[in-house]
Amino acid sequence: MKELSERTKDFTDSVIRRMTRIANKYGAVNLSQGFPDFNPPKQITDRLSEVASEGPHQYALTWGAKNFRDAIAAKYEHFSEIKVDPESEIVVTCGSTEAMMATMLSITNPKDKVVIFSPFYENYGADTILSGAEPIYVPLVPPDFTFSIEQLENAFKQGAKALILCNPSNPCGKVFTFEELTAIADVVKKYDAYVVTDEVYEHIVYAPNKHIYMQALDGMRERTIVCNSLSKTYSITGWRLGYVIANPEIIDRVKKVHDFLTVGAAAPLMEAATVGLKFDDKYYDELAAHYAHMKEVFVGGLEKLGLKYTDPQGAYYVLVDVSEFGVKDDVKFCEWLAQYVGVAAVPGSSFFREDVHNLIRFHFAKQDDTLNEAINRLAGLRKAVAEAGDVEWR
Ligand SMILES: Cc1ncc(COP(=O)(O)O)c(C=O)c1O
């Protein structure tokens, strides 16, 4: 048999999804893969029931149903104060995952360099490999996840064409400040590059932090490509609805790439989710308050247990520092944790380019009972470690 693809031969199983399988195997509370265990807003699911009989059930326009794009444009303008043309500046995709892939295939050539902050959301590595681009990693240094503007500029001196900016950030919960975003924008403009944003957590931000849209900064309207999604904002990760917002020249290209990748997002789901895009501010305030509550339950619980963590400014993840247990291999530690303590986390090393093995990531988009159960189980962690004897992770 002929060799399979060289390009994808080093792809590994997603560590996050592997941890979910391990959680299921040991009956652990699964705080690894980030999805809510509560229902989407009822108005959206009620509308889905109507759509099931009314339709549409056939292909929508490849770059997204018109009413859905109109609603995205209106919502984006409301929050960012940027007016976008739903015809020429928006493409609806199958989640932000496809938005990012279609963008990368639209703007990069093989061997183009793309800057990625590390730690990073695991798909970005695969996105660069699939598009043939080469990543240059710039560290966000724990525990504050600050970066050096010199290191960023050095990356662009090597000819980087674009930067992927995850803001608010998964896994570290960083919300970039106006000063940081301005400094990034200045470098990007100086080297005539693009910023590709991943803003799926735009509405999950903890006061006093605020989400600032990169595209709204001076001179960034044309060179920012926004990738976003309805997955997190409306608790519909399984619906696979996302979008790209960019200038018409870029969108023209993304439309074509998207057409050949997936043809289009699911027509009935776009129709049902349009209701959500039209929610007023109250919905987003309540969403933020709900996440602030979940954060209080889980991160507050970690605090009471005396575990070391970085307080997230946004998104719904927390990185816990497990150095006190002498962890040398965080992957083995997470497997052990799921089996013997009964809580599943993601090993931090899967997010870092640097040699970091002392952090593990929990997500807290869960109901109180689930989070309290996880905290109760974690209360036994120190004792379990003390009794662990010879373990592979030390
Ligand atoms: C930073 C980030 N971007 C994108 C995604 C995937 O988004 P979607 O469901 O829209 O493909 C996730 C999911 O966890 C994420 O954390």
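The chain carries the name Aminotransferase in an unreviewed UniProt entry, which gives [Lactobacillus] rogosae as its organism. Entered under Sequence similarities (unreviewed entry) in the UniProt record, the comment concerning the chain runs "Belongs to the class-I pyridoxal-phosphate-dependent aminotransferase family." What UniProt states about the chain under its Cofactor (unreviewed entry) heading is, verbatim, "pyridoxal 5'-phosphate".

**Q** Which residues make up the site of the ligand, and what values go with them?
**A** Around the ligand lies a shell of 14 residues, among which S96, T97, D198, Y201 and S229 are the nearest. A distance of 2.7 Å separates an oxygen atom of the ligand from a polar backbone atom of S96. A distance of 2.7 Å separates an oxygen atom of the ligand from a polar side-chain atom of Y201. Contact with the protein chains removes 93% of the 400 Å² of surface that the ligand exposes when unbound. No other element matches helix α4 (residues 95–107), which puts three residues into the shell around the ligand. Broken down by class, the residue content of the shell around the ligand amounts to five nonpolar, six polar and three charged.

**Q** Go over the sheet that holds strand β10 (residues 317–321), please, and point to the residues and values.
**A** Sheet strands line up and pair through hydrogen bonds in the backbone, either parallel or antiparallel. As summarised here, the arrangement of the four strands in space is β9-β10-β13-β12, forming an open sheet in which the pairing is antiparallel. In the strand order of this sheet, the two ends are held by β9 (308–310) and β12 (346–347), each with one partner. Alignment of β12 against strand β13 (residues 359–363), held across two bridges, turns out to be antiparallel. By the bridge assignment, V346 is partnered in β13 with R361. Contacts between helix α11 (residues 330–341) and the sheet are confined to β12 and β13, with β13 contributing the most and set at about 45° to the helix.

**Q** Give me the lowdown on the sheet that holds strand β8 (residues 242–245), citing residues and values where you can.
**A** With mixed pairing, the seven strands of this open sheet are ordered in space as β2-β8-β7-β6-β5-β3-β4. Every interior strand has two partners, whereas the edge strands, β2 (90–93) and β4 (134–139), have only one. Within this sheet the neighbouring strands show an average axis-to-axis angle of 20°, counted without direction. Note: strand β5 (residues 162–166) against strand β6 (residues 194–198), five bridges, orientation parallel. Its bridge partner lying in β6, L163 is registered against V195. Its contacts with the sheet place helix α3 (residues 66–80) against β2, β7 (224–229) and β8, and it is angled at close to 115° to β2.

**Q** I'd love a proper account of the packing of α3 against helix α9 (residues 267–277), names of residues and values included.
**A** One way to put it is that α3 packs onto α9 with a least axis distance of 9 Å and a crossing angle of 20°. In terms of their interaxial angle, α3 and α9 are classed as roughly parallel. Crossing of α3 against α9: the hand is left-handed. Across from N67, F68, A71, I72 and K75 in α3, the residues of α9 making contact are M270, E271, A273, T274 and L277. Considering only residue class, the contact of α3 with α9 consists of six nonpolar, two polar and two charged.

**Q** Tell me about the side chain of S131, residues and numbers included.
**A** As for its position among the elements, S131 is in helix α5 (residues 123–131). When its relative accessible area of 5% is taken as the criterion, S131 is described as buried.

**Q** Go over the nonpolar core, please, and point to the residues and values.
**A** Counting 79 residues, the largest nonpolar core has F68, F298, F333, W336, L337, F362 and L381 as the members making the most contacts within it. Looking at this core element by element, the count peaks at nine residues for helix α10 (residues 281–305). Dropping the residues within four chain positions of it, L337 is found in contact with G342, V343, A345, I360, F362, L378 and L381. With 33 residues, the next largest nonpolar core counts V138, L163, L165 and L319 among its residues.

**Q** Explain the pattern of salt bridges residue by residue, including any values.
**A** Tallied over the full model, the rule gives 26 salt bridges. One salt bridge in this structure joins E122 and R17, with 3.9 Å as the shortest N-O distance. Of this pair, E122 sits in the loop between β3 (113–118) and α5 while R17 sits in helix α1 (residues 15–26); the two residues are 105 residues apart in sequence, bridging distant segments of the chain. Of the charged contacts in the structure, one is a salt bridge between E202 and K75, with a shortest N-O distance of 3.2 Å. Here E202, found in the loop between β6 and β7, pairs with K75, found in helix α3; they are 127 residues apart in sequence, far enough to count as distant. The residues E202 and K75 share a single accessibility class, namely buried.

**Q** Outline the pairing of β3, supporting the account with residue identities and numerical values.
**A** β3 sits mainly inside the fold: five of its six residues count as buried. Strand direction decides the pairing type here: β3 and β4, joined by six bridges, are parallel. When the bridges of β4 are listed, V114 appears paired with P135. Between the parallel elements β3 and β4, the chain passes through α5 in a crossover that is right-handed. Both β3 and β5 contribute to a ladder of three bridges, which runs parallel. Across the sheet, the residue bridging to I116 is I164, located in β5.

**Q** Tell me about the environment of F351, and name the residues and values.
**A** Inspection of the secondary structure assignment puts F351 in the loop between β12 and β13. Accessibility expressed as a relative area gives 0% for F351, which makes it buried. The contact partners of F351, leaving out residues within four places of it in the chain, are I16, S118, P119, F120, P171, V346 and R361.

Parameters and conventions
Residues numbered from 1 in each chain as written. Predicted model: local features only at pLDDT ≥ 70, side-chain atom pairs only at ≥ 80, totals over all residues. Heavy atoms only, no water. UniProt positions renumbered as here; feature names shortened; annotations may be inferred. Near = heavy atom within 4 Å. Polar contact = N/O pair within 3.5 Å; in protein donor to acceptor, adjacent residues only side chain to side chain. Areas by Shrake-Rupley, 256 points an atom, 1.4 Å probe, with all protein chains shown as cover. Helix = DSSP H or I, 4+ residues; strand = E, 2+ residues; numbered from the N terminus. Nonpolar A, V, L, I, M, F, W, Y, C, P; charged D, E, K, R; others polar. Pairing = 2+ DSSP bridges. Contact = heavy atoms within 4.5 Å. Axes fitted to C-alpha atoms, helices over the stretch in contact; angles between N-to-C directions. Parallel < 35°, antiparallel > 145°, perpendicular 65-115°, else oblique. Left-handed = near helix turned anticlockwise from the far one by under 90°. Buried < 20%, exposed > 50% of the residue type's maximum accessible area, 1.4 Å probe, protein only. Core = buried A, V, L, I, M, F, W, Y, C linked by side-chain atoms within 4.5 Å. Salt bridge = Lys/Arg side-chain N within 4 Å of Asp/Glu carboxyl O. Right-handed = clockwise from strand over helix to strand, strands pointing away.

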